[in-house]
Every structure is written in C-alpha cells, then in structure tokens.
Amino acid sequence: EFTMPFAWIDRELFLHVASAGSSYEVTVNGKRAGYVQDGATPADFDITRLATEGKNRVTVTLFAPAVADALQPNPALGECYVMAQPKMRVRDVVVDAALADDGNNGVLGLGIVMKTHSLNPKTTRVYYELIAPDSTKVLDGYKDLTLDMRREDTVRFLARIPDSMLWNPGRPTQYTLRVKTQHEGRYMEYIELPLGFRTVELHNGQLAVNGNPVALRTREIPPHFPAEEIAKLREQGFNTLRLLPGPVSPTLYAVCDTMGMYVIPQAPIDTRSSGESRRIGGNPSNDPAWQGAYVERAENSYHTSKRHPSVIAFSLATQSSNGINLYESYLDMKKSGDSRPFIYPDAAGEWNSDKLDMQ
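Presented here is a report on the structure given in the accompanying data block.

1. Here's the deal with the overall build of the protein
Then, number 1: Per the secondary structure count, the protein includes four helices and 23 strands.
Then, number 2: The C-alpha radius of gyration computed for the protein amounts to 22 Å, which stays within 12% of the reference 21 Å derived for 359 residues, consistent with globular compactness.
Then, number 3: Each principal axis of the C-alpha atoms in the protein carries an extent, and together these give about 60 × 55 × 40 Å.
Then, number 4: Per-residue burial for the protein yields a buried fraction of 48% across its 359 residues.
Then, number 5: Excluding contacts between residues fewer than 6 apart, the proportion of contacts in the protein whose partners are at least 24 apart in sequence is 66%.
Then, number 6: With an accessible surface of roughly 17,200 Å², the protein has 49% of that area assigned to carbon and sulfur atoms.
Then, number 7: Distance between charge centres in the protein, computed from 38 positive and 43 negative side chains, equals 3 Å.

Next up, the structure:
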C-alpha cells in the first residue's frame, strides 16, 4: 500500500519494480497497470490514471509456472516503490565520451532526455551542473525547452575532461551531475547522479580503454555478489566480472564503479534445459515465436547498465544454442551505435558475437 498526498494530484506517478525473475502482472486498486515478460530487469509502470488521493493498493502477481521460465527461471520479487514526477520530466540521462584530437583529453557528451505528458505545449528550463571530485564545477548552465503534446527531446551539452580525470581501474574517478527543472518560476524536479567518463574501443579482439589496450582477467559471478568478495577477486588479480543471468543487485554496479572493476552484464537468457537442437520443438533460440522476448531482454539489460563506467561489454545470452533470435538480438544492439562489444560466448564462431579476448 502507498498513500498519495494532495501535492501529487498534478504529477505523473510511476511504480518501479526492480525485478521479479518471472513474468508478472501489476494491478493498482484492482485495475490492471501492465504486464512484464522479462522480470529480471527493472520496469516502470505509469499509474497516474489508476491512483487516487489517499490510500492505494498495489498487487504484483508472479506467474508460476511462467512462460518466461523457458528463458530464465528463479522468480523472486525485488524492491518496489512509487515516485512522482512533474508533467514535463527527466526521463533519462545519456552519456557519451570520446578522445580529443590531441589524444590527451576526453570530450564528454551528456544528454538529458525530457518528456512531457501534457496535452498542451509546455516550456521548462533545464539547469545542469557537472561537479568534479574536488567539488569544482566542470560546467554549468541552462537551456529552455518547449515540447508540445506528449513529446520528448534531448538537451545536449559538451565538456572537455582532462585525461587525468577519466575513469579507469587505477583511478575510478566519478563526477556528480545535478539537474534541476523549473516551470513558471517554480522548481519542479531535482536529480543528482554519479557519472564516470571513459572511452571503450575494440580492435581485432583487443579492448582499449581511454586509448590504452587492456587485458581482461575474467571471473564469472552471480548477479548478487558481496562487495567484500569483489574486493578479494581484485586482490587476486581479476579485473573483469562476467555476471550470470538473473536480477542484478542494485549495489553491484555502484561497487564496481567505485572500486574500478570492469563488468560484463548478462541478458537474462539461459535455455540450456531445452537442449542444443535447432529443429522445431528444440531450443527457443531458433524459434521465431520467441524473437520479441530475446530482443526485449537484450535491450532491457543494456539500458539498465549502460551508464555505468565499469560496464565495458554486454553479453546477449549464455548456453542457449544459437539461431535467428540471437542473430536479431545482436543486430538490434549494434544499431545503438555503442562502441562497446556485444558478445555471445557460445556462438561457436558464428558472426553474431564481437570478438573479445578474455582470460
């Protein structure tokens, strides 16, 4: 249950479900809010029209046995909360970095994705500050953005980052991004995010971070793994964690960002129980009926983890044979334009996996 105060009447309400493991359905006050087939990654439900002032009741129903169990089992409900945002809100923050022409500095590109739910044109002023670890301002400013009915756009800005301040395992530097929005003289939203900036490129299987080749010493770990165990692996000489399928602990990426460990997230697809056959009735990876589910899971895993500087590659599946669905997942992710590699270690030499040298 949650209580909706009067102050939220003119705001957009979202229910956040961190994970469920299984497919699930959400209702608010007995009315259906939505259905999620991929329960391993976070999901947000717009419940604005379903909630009322005062007490509200949310029900999350996990389906068992679930259709999604064929892709990745082990249902378990994660953290859930309700948040309120203004009609014109910050929907996402995107980060891009490149090496400057001199090769000694980084060029940071930041985008604040704004979305309006209003039926009429609305103008909001977006303030931004980027604060270095020593509390100095790298940049600040504002831009006015007008959006008409239910549209979205991105406020973009650039900054130069000295090479000495780029994120790397030996110096996991993180900045703080502060975003404020203002409408008709009133501040509507305030967001603060830690961000690290580094470049990742792949050349013939060799990964380079900030232009410097790196050797990946990899250890496979479950998606919930204690910080002290990560520190032990670092002491043993491992610098890269490959996650097993499943809901990822919210703190794992943050720990790796601050500790300087590389991470390869894993899309929640593991169909080993269906065998290796690509024939009808065999592994779902070659059954077109599953194509949407495969692509959705790859996209969800990518968007959940893309902003973390520790994430240097993405894995599309594990032990799931191969076929049309993993081909399409790979092609879809390459459309993102991200320079980080997309891999499928069990591709057996087929083209739908970037070559990445790992030990």
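2. Things to note about helix α3 (residues 291-305)
Then, number 1: If you check α3, its first and last C-alpha atoms are 22 Å apart, about what 15 residues at 1.5 Å a residue would give, namely 21 Å.
Then, number 2: Along α3, the residues that are buried comprise Ala293, Tyr294, Val295, Arg297, Ala298, Ser301, Tyr302 and Ser305.
Then, number 3: Packing partners of the buried residues in α3 comprise α2 (250-259), β22 (314-315), α4 (324-334) and β23 (342-343).

3. What about the packing of aromatic side chains?
Two descriptors summarise a pair of aromatic rings, namely the distance from one centre to the other and the angle between the planes of the rings.
Then, number 1: One pass over the full model with this rule turns up twelve aromatic pairs.
Then, number 2: Judged by centre distance (4.9 Å) and plane angle (65°), the ring pair of Tyr302 and Phe314 falls under edge-to-face. Placement of Tyr302 in helix α3 and of Phe314 in strand β22 is noted, with a sequence separation of twelve residues between them. Across this residue pair, the class does not change: Tyr302 and Phe314 are buried.

4. Side note on the sheet that holds strand β18 (residues 212-214)
Then, number 1: If you walk across this open sheet you meet the three strands as β16-β17-β18, and the pairing is antiparallel. For this open sheet the edge positions go to β16 (200-203) and β18, each flanked by a neighbour on one side alone. Sheet twist, expressed as the mean angle between neighbouring strand axes with direction ignored, is 40°.
Then, number 2: Where β16 lies against strand β17 (residues 206-209), four bridges are found, and the strand directions are antiparallel. By the bridge assignment for β17, Glu201 is matched with Ala208.

5. What to know about the sheet that holds strand β2 (residues 12-17)
Then, number 1: With antiparallel pairing, three strands are arranged side by side in an open sheet as β5-β2-β8. Looking at which strands have only one partner, the edges of the open sheet turn out to be β5 (43-46) and β8 (80-85). Going across the sheet, the axis of each strand differs from the next one's by a mean of 25°, ignoring polarity.
Then, number 2: One ladder, built from four bridges, connects β2 with β5; its direction is antiparallel. The residue of β5 that forms the bridge with Val17 is Ala43.

6. What to know about the nonpolar core
Then, number 1: In this structure, Ile230, Leu241, Leu252, Cys256, Leu316 and Phe342 are the most contacted members of the largest nonpolar core, which totals 28 residues.
Then, number 2: Of all elements in the fold, only α1 (227-235), β20 (240-243), α2, α3 and α4 reach the threshold of two or more residues within this core.
Then, number 3: Excluding its chain neighbours within four sequence positions, the residues that come into contact with Ile230 are Phe225, Leu241, Leu252, Val255, Cys256, Met259 and Met261.
Then, number 4: Listed in part, the 25 residues of the second largest apolar core include Val93, Leu108, Val155 and Leu195.

7. Quick notes on the side chain of Asp38
Then, number 1: Along the chain, Asp38 turns up in the loop between β4 (31-36) and β5.
Then, number 2: Arg297 provides the closest opposite charge to the buried, salt-bridge-free Asp38, at an N-O distance of 4.0 Å.
Then, number 3: Within polar-contact distance, the side chain of Asp38 engages the side chain of Thr41 at 2.8 Å.
Then, number 4: Side chain to side chain, Asp38 and Asn300 meet in a polar contact 3.0 Å long.
Then, number 5: Once residues lying within four places of it in the same chain are set aside, the contact partners of Asp38 are Pro268, Glu296, Arg297 and Asn300.

What counts and what doesn't
- Residues numbered from 1 in each chain as written.
- Predicted model: local features only at pLDDT ≥ 70, side-chain atom pairs only at ≥ 80, totals over all residues.
- Heavy atoms only, no water.
- Helix = DSSP H or I, 4+ residues; strand = E, 2+ residues; numbered from the N terminus.
- Rg over C-alpha atoms; globule rule 2.2 N^0.38 Å.
- Buried < 20%, exposed > 50% of the residue type's maximum accessible area, 1.4 Å probe, protein only.
- Contact = heavy atoms within 4.5 Å.
- Areas by Shrake-Rupley, 256 points an atom, 1.4 Å probe, with all protein chains shown as cover.
- Lys, Arg positive; Asp, Glu negative; His and termini not counted.
- Charge placed at Lys NZ, Arg CZ, Asp CG, Glu CD.
- Expected span 1.5 Å × (residues − 1).
- Phe/Tyr/Trp six-rings, centres within 6.5 Å; stacked < 30°, edge-to-face > 60°.
- Pairing = 2+ DSSP bridges.
- Axes fitted to C-alpha atoms, helices over the stretch in contact; angles between N-to-C directions.
- Core = buried A, V, L, I, M, F, W, Y, C linked by side-chain atoms within 4.5 Å.
- Salt bridge = Lys/Arg side-chain N within 4 Å of Asp/Glu carboxyl O.
- Polar contact = N/O pair within 3.5 Å; in protein donor to acceptor, adjacent residues only side chain to side chain.

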